Amino acid sequence: MIYIALDLGSDTIKVVAVRITDKDFSILASTNVRSVGIKKGIISDKAMVIESLKLALNEIENKLNIKIDKVILTIPSYENNIISCHGEVEVNDEITGVDVINCFKSAINEIDDDYSEIVTVTPISFKVDGEKCNNPIGKKGKLLETQTIITLSPKELTTMYIDLLKEINVEVIDLSLNPISDFYMVKKDEFKDNVGALVNIGDNKTEIGIFNKGLLVNSDILTFGSNKIDMDLKYVYNVDKNIARNIKDNFVVANHNYAQNESIKITTLAGEEKTISSSEASEVTEARIEDILKNVKNSLINLTKKDLSYIIITGGITNIPGFDYMVEQTFGDITYTENMNILGARDNIYITSVGATMYYYDKLKTRGISYTMYDNINNKDFSGILDNIKMFLGNN
């Protein structure tokens, strides 16, 4: 199955094309371009976003020789609402994927909210004639029940993104919240029985998700990210933002005690040449990382009173050497950073978009659906079945 996912970040727009089967996963193409017109995940200048978006999509189209007209879209978890709902349907003997879909729709009917859009419908459990099971498809019975976790986002937010893509003739076939997409990229078997947190420190926002037995149960967005380091370096050394970013990306470490005895020359905004040491710049970086992690820790305390078994931190900031050490100092040994190590997308900026394809594949499988956006990378018209696929997903 071949899927294309889009992550409209405030710093970069990421697009990935992947091939997924039960036995194999591979990146067919990936790209990222500088994002312009998006601030903290919200579109501030539609025309500028469209230009950046076209550039990113064109790169994938040229790599794969296809025309992209549909994508899976990840969205930030602003003001999302998470609800547990029960659904049930009568069935005729052997249970099919359609029965599962109808059961999800029964759960959705419990929701009365004209201002929100249903983004995800995730089963907690199934029962066939009162007996619990992991996958009801193929089992025989008369009554199918499910307990689900349903996440909703403000319609204003989802409509903003969907309408933007409509303007360039690209259809959003599915939505996924960023924390859920991230989780599908990093999840492990041991998470099924534990409560934990996933933290994605982006450029100018930090998204935090609390997961209980693999299900998103709470989330938060902090309106700052690694760009705070850029701003600190820009102020301290009186340089433009590109030089500040270059210092952060290529010259500093997260703890100044481990900095190499190196120095570089920079030109200030006043036109003066200045020499700075790695230790000095790293001290500025370290102070801001400490502040970011402190705020993340406070958010985690507010999000859950339960003891966390794991805390996963990802995002571009984790590429700074020594960041692991800073994380362990703040949170202890239950925390680790997650780095992308998949051929074709070996950069943490792709975690959300790649995770979105994994979530979508799992979502279809739960509903007994087999669907590919493209067949062997030869562009084909799936419009005849696409409406049915979207209906079957049970969240439209």
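Please refer to the structure higher up on the page.
Before going into details, it helps to say that this report is about the structure given with it.

Parameters and conventions
- Residues numbered from 1 in each chain as written.
- Predicted model: local features only at pLDDT ≥ 70, side-chain atom pairs only at ≥ 80, totals over all residues.
- Heavy atoms only, no water.
- Helix = DSSP H or I, 4+ residues; strand = E, 2+ residues; numbered from the N terminus.
- Rg over C-alpha atoms; globule rule 2.2 N^0.38 Å.
- Buried < 20%, exposed > 50% of the residue type's maximum accessible area, 1.4 Å probe, protein only.
- Contact = heavy atoms within 4.5 Å.
- Areas by Shrake-Rupley, 256 points an atom, 1.4 Å probe, with all protein chains shown as cover.
- Pairing = 2+ DSSP bridges.
- Axes fitted to C-alpha atoms, helices over the stretch in contact; angles between N-to-C directions.
- Parallel < 35°, antiparallel > 145°, perpendicular 65-115°, else oblique.
- Left-handed = near helix turned anticlockwise from the far one by under 90°.
- Nonpolar A, V, L, I, M, F, W, Y, C, P; charged D, E, K, R; others polar.
- Polar contact = N/O pair within 3.5 Å; in protein donor to acceptor, adjacent residues only side chain to side chain.
- Expected span 1.5 Å × (residues − 1).
- Arc of directions from axis to C-beta.
- Salt bridge = Lys/Arg side-chain N within 4 Å of Asp/Glu carboxyl O.

### A short note on the overall build of the protein
Next, step 1: Helices and strands together make up the secondary structure of the protein, namely 10 helices and 18 strands.
Next, step 2: Computed over its C-alpha atoms, the radius of gyration of the protein comes to 22 Å, within 12% of the 21 Å expected for a compact globule of 396 residues.
Next, step 3: When burial is assessed residue by residue, the protein has 54% of its 396 residues classed as buried.
Next, step 4: A separation threshold of at least 6 residues defines the contact pool for the protein, and within that pool the share at least 24 residues apart is 68%.
Next, step 5: Surface accessibility of the protein: about 18,300 Å² in total, with carbon and sulfur atoms responsible for 44%.

### A closer look at the pairing of strand 13 (residues 206-212)
Next, step 1: The buried fraction of strand 13 is high, at 6 of 7 residues.
Next, step 2: As paired elements, strand 12 (residues 195-201) and strand 13 share 7 bridges and run antiparallel to each other. Across the sheet, the residue bridging to G196 is F211, located in strand 13.
Next, step 3: Where strand 12 folds back onto strand 13 in an antiparallel hairpin, the turn is made up of 4 residues.
Next, step 4: Pairing of strand 13 with strand 14 (residues 215-222) involves 7 bridges; the strand directions are antiparallel.

### So, the packing of helix 5 (residues 227-237) against helix 6 (residues 241-250)
Next, step 1: Axis separation between helix 5 and helix 6 bottoms out at 8 Å; the angle between their running directions is 115 degrees. Here helix 5 lies roughly perpendicular to helix 6, going by the angle between them. The element helix 5 and its partner helix 6 pack so that their crossing is right-handed. Between helix 5 and helix 6, the contacting residues are I229, D230, L233 and K234 on the first element and K241, A244, R245, I247 and K248 on the second.
Next, step 2: For the contact of helix 5 with helix 6, a count of residues per class yields 4 nonpolar, no polar and 5 charged.

### Side note on the sheet that holds strand 17 (residues 310-314)
Next, step 1: Reading across from one edge, 14-13-12-17-18 is the order of the 5 strands in this open sheet, with mixed pairing throughout. Unpaired on one side and paired on the other, strand 14 and strand 18 (335-337) mark the two borders of the sheet. Pairs of neighbouring strands in the sheet enclose a mean axial angle of 20 degrees, with direction left out of account.
Next, step 2: Relative to strand 13, helix 4 (residues 178-186) is tilted by about 65 degrees, and along the sheet it contacts strand 12, strand 13, strand 14 and strand 17.
Next, step 3: Contacts from helix 8 (residues 323-331) reach strand 12, strand 17 and strand 18, with the element oriented near 160 degrees to strand 18.

### So, the sheet that holds strand 9 (residues 131-133)
Next, step 1: In spatial order, the strands read 7-10-8-9; together these 4 strands make up an open sheet with antiparallel pairing. Looking at strand neighbours, the two that pair on one side only are strand 7 (81-94) and strand 9, the edges of this open sheet. Shown here is a sheet whose adjacent strand axes are inclined to one another by a mean of 35 degrees, direction ignored.
Next, step 2: Of the pairings in the sheet, the one linking strand 7 to strand 10 (residues 140-154) comprises 12 bridges and is antiparallel in character. Residue pairing for strand 10: I83 is matched across the bridge by I150.

### Quick word on unusual backbone geometry
Next, step 1: With phi around 65 degrees, D93 is a residue other than glycine that occupies positive phi space.
Next, step 2: Classification of D93 by relative accessible area gives partly exposed; the value is 45%.
Next, step 3: A positive phi angle is found at D129, which is not glycine, with a value near 50 degrees.
Next, step 4: Note on placement: D129 falls in the loop between strand 8 (116-128) and strand 9.

### A word on the pairing of strand 16 (residues 273-277)
Next, step 1: One ladder, built from 5 bridges, connects strand 15 (residues 263-267) with strand 16; its direction is antiparallel. What sits directly across from S263, in strand 16, is S277.
Next, step 2: Between strand 15 and the antiparallel strand that follows it, strand 16, lie 5 residues; G271 among them carries a positive phi value of about 85 degrees.

### Some remarks on the side chain of T285
Next, step 1: For T285, the position within the fold is in helix 7 (residues 278-303).
Next, step 2: A polar contact is formed between the side chain of T285 and the backbone oxygen of A281, at a distance of 3.1 Å.
Next, step 3: Excluding residues within four positions of it along the chain, T285 makes contact with I229, L233, V252, V253 and I320.

### Looking at helix 3 (residues 155-166)
Each full turn of the α-helix corresponds to 3.6 residues, which orients residues three or four apart in the same direction.
Next, step 1: Its 12 residues give helix 3 an end-to-end C-alpha distance of 16 Å, which sits within 8% of 16 Å, the value for a rise of 1.5 Å per residue.
Next, step 2: Residues of helix 3 that are buried include every one of L157, T158, Y161, L164 and L165, and no others. The arc enclosing the buried residues of helix 3, seen along the axis, measures out at 130 degrees, which places them on a common side. In helix 3, those exposed residues whose orientation departs by more than 90 degrees from the buried face are E156 and K166.

### Structural notes on the pattern of salt bridges
Next, step 1: Within the structure shown, the criterion is met by 13 salt bridges.
Next, step 2: Among the ionic pairs, D22 bridges to K365, the shortest N-O distance being 3.2 Å. A residue pair is termed long-range when its members are at least 10 positions apart, and D22 in the loop between strand 2 (12-20) and strand 3 (25-34) and K365 in helix 9 (residues 351-366) qualify at 343 residues.
Next, step 3: Put simply, D232 and R288 hold a salt bridge, and the shortest N to O gap is 2.7 Å. Taken together, the residues span a long stretch of sequence, with D232 in helix 5 and R288 in helix 7 at a distance of 56 residues.

### Notes on the side chain of T357
Next, step 1: Structurally, T357 is set in helix 9.
Next, step 2: The residues contacting T357, other than those within four sequence positions of it, are Y3, A5, V16, V18, I20, F25 and I72.

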